[in-house]
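Results of the structural survey
Each chain, written out:
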Amino acid sequence: KAGVTQTPRYLIKTRGQQVTLSCSPISGHRSVSWYQQTPGQGLQFLFEYFSETQRNKGNFPGRFSGRQFSNSRSEMNVSTLELGDSALYLCASSETSAANTGELFFGEGSRLTVL
Amino acid sequence: AQKVTQAQTEISVVEKEDVTLDCVYETRDTTYYLFWYKQPPSGELVFLIRRNSFDEQNEISGRYSWNFQKSTSSFNFTITASQVVDSAVYFCALTNDYKLSFGAGTTVTVRA
């Protein structure tokens, strides 16, 4: 079974630009969660999607958004990039909503650098 | 508030030594799940173990073992006879409603 696939793995953007990151969950998994990892703040929850609906959202500004498609693939978008958005963005999938058990399977992440 | 504390920032050991990673958590929930994840240099978080709040039985899986003590709100992780491949960042996590709350992580370096 293929794991969670995230693209792109690395990208460099400049302040003010926007970026879209993609995540393909494990086949059959309907829940996709996104986490931001930075040296200063550690791992922080962004949002979770389940069956194309955003179930939960973390404490991030509206510049951070996402969506999930009917095939469970998910994208997250960050608009008007700031230097502080430089981070590793991790996507995780699970069979059921992560709210129940939290058993998540993570991808290798997309490392975003904002210059 | 939900909180996970991993007091050890970095641990360095020589191969074959045992290493214990501490994890202390805070929660008001009576039902919750605790996790350990490993993050190798490649970046992905690898699931190691899940323990629910009603199961205080310790667990051993190969060279890994976990000690869950509800009385002290601790869920410690021991690697026995460490190997260079164990070098990674290890995260303890707690279910918090709809998400995982992660500790800051402990970087383990195993030297040959």
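Along each chain, residue indices are assigned from 1 in the same order as the chain's sequence is written. Both sets of labels track the order of writing: A upward for chains, 1 upward for ligands. With pLDDT at 70 or above as the cut-off, local features in this predicted model cover only qualifying residues; side-chain atom pairs require 80 or more to be listed or tallied, and sums for whole chains, interfaces and linings still use all residues. Hydrogens and water are ignored here; the side-chain numbers use all heavy atoms of the structure.

On to the overall build of chain B. Per the secondary structure count, chain B includes zero helices and twelve strands. A run of DSSP states H or I qualifies as a helix once it reaches four residues; a run of E qualifies as a strand once it reaches two. Both are numbered from the N-terminal end. Mapped from its N terminus to its C terminus, chain B presents α and β elements in the order β-β-β-β-β-β-β-β-β-β-β-β. Relative to the compact-globule value of 13 Å for 112 residues, chain B shows a C-alpha radius of gyration of 14 Å, a close match. Its C-alpha atoms give chain B principal-axis dimensions of roughly 45 × 25 × 20 Å. With a 1.4 Å probe rolled over the protein chains alone, any residue whose accessible area is under 20% of its type maximum counts as buried; one over 50% counts as exposed, and the rest are partly exposed. A burial count over chain B gives 47% of its 112 residues as buried. We call two residues in contact when some of their heavy atoms are within 4.5 Å. A sequence separation of at least 24 residues applies to 53% of the contacts in chain B between residues at least 6 apart. Just to be clear, the radius of gyration here is over C-alpha atoms, and the globule rule we use is 2.2 Å times residues to the power 0.38.

What follows covers the environment of B:Ala81. Residues and elements named next belong to chain B. Note that Ala81 resides in the loop between strand S9 (74–79) and strand S10 (88–96). Under the relative-accessibility criterion, Ala81 is labelled partly exposed at 30%. Sequence-wise, Ala81 and Val13 are 68 residues apart; in three dimensions their C-alpha atoms are separated by 10 Å. Not counting the four nearest positions on each side in its chain, Ala81 is found in contact with Lys16, Glu17, Asp18 and Arg63.

Take the packing of aromatic side chains next. Pairs were defined over the aromatic rings of Phe, Tyr and Trp, the Trp ring being its six-membered one, requiring ring centres within 6.5 Å. Orientation was assigned from the angle between planes: stacked under 30 degrees, edge-to-face over 60, tilted for the rest. Tallying each qualifying case throughout the model produces 20 aromatic pairs over all chains. Ring plane angle 70° and centroid distance 5.6 Å describe the contact between A:Tyr35 and A:Phe45, whose orientation is recorded as edge-to-face. Residue A:Tyr35 is found in strand S4 (residues 31–38), and its partner A:Phe45 is found in strand S5 (residues 42–50); the two are separated by ten residues along the sequence. Of the two residues, A:Tyr35 and A:Phe45, neither departs from the other in class, the shared state being buried. Seen in terms of ring centroids, B:Tyr37 and B:Phe102 are 6.0 Å apart; in terms of plane orientation they differ by 55°. Their pairing is tilted.

Bringing the interface of chain A and chain B into the picture now. With 19 residues of chain A at the contact, the number on the chain B side is 17 residues. Buried area: the accessible area, evaluated with a 1.4 Å probe, that two parts lose upon being put together, summed over both parts. When the two sides are added together, the surface that chain A and chain B hide from each other amounts to roughly 1,600 Å², 58% of it contributed by carbon and sulfur. Note on definitions: salt bridges are taken to be side-chain nitrogens of Lys or Arg within 4 Å of carboxyl oxygens of Asp or Glu. Between the two partners, chain A and chain B, sit zero salt bridges. Any pair of N or O atoms that falls within 3.5 Å is considered a polar contact. Within protein, one atom must be able to donate a hydrogen and the other to accept it, and sequence-neighbouring residues count only if both atoms are side-chain atoms. Inspection of the chain A/chain B interface yields four residue pairs in polar contact (both at pLDDT 80 or more). Counting residues per element, the ones that place at least two in the side of chain A that touches chain B are S4, S5, strand S6 (53–57), strand S9 (87–94) and helix H1 (98–101) of chain A. Here the side of chain A that touches chain B is built from residues that sort into eight nonpolar, six polar and five charged. Any residue outside Ala, Val, Leu, Ile, Met, Phe, Trp, Tyr, Cys, Pro, Asp, Glu, Lys and Arg is labelled polar, Gly included; the first ten of those are nonpolar and the last four are charged.

This paragraph deals with the nonpolar core. All names here are of chain B. Definition of nonpolar core: a set of buried residues of the types Ala, Val, Leu, Ile, Met, Phe, Trp, Tyr and Cys, connected through side-chain atoms within 4.5 Å. Counting residues in hydrophobic clusters, the biggest one holds 24 residues, and the most contacted among them are Leu21, Trp36, Trp66, Phe77 and Tyr90. Those elements that place two or more of their residues in this core are strand S2 (10–14), strand S3 (19–21), strand S5 (33–39), strand S6 (46–52), strand S8 (64–69), S9, S10 and strand S12 (106–111). The element that contributes the greatest number of residues to this core is S10, accounting for four residues. If we ignore the near neighbours within four places in the chain, the residues touching Trp66 are Trp36, Leu48, Ile49, Asn58, Glu59, Ser61, Phe75, Asn76 and Phe77.

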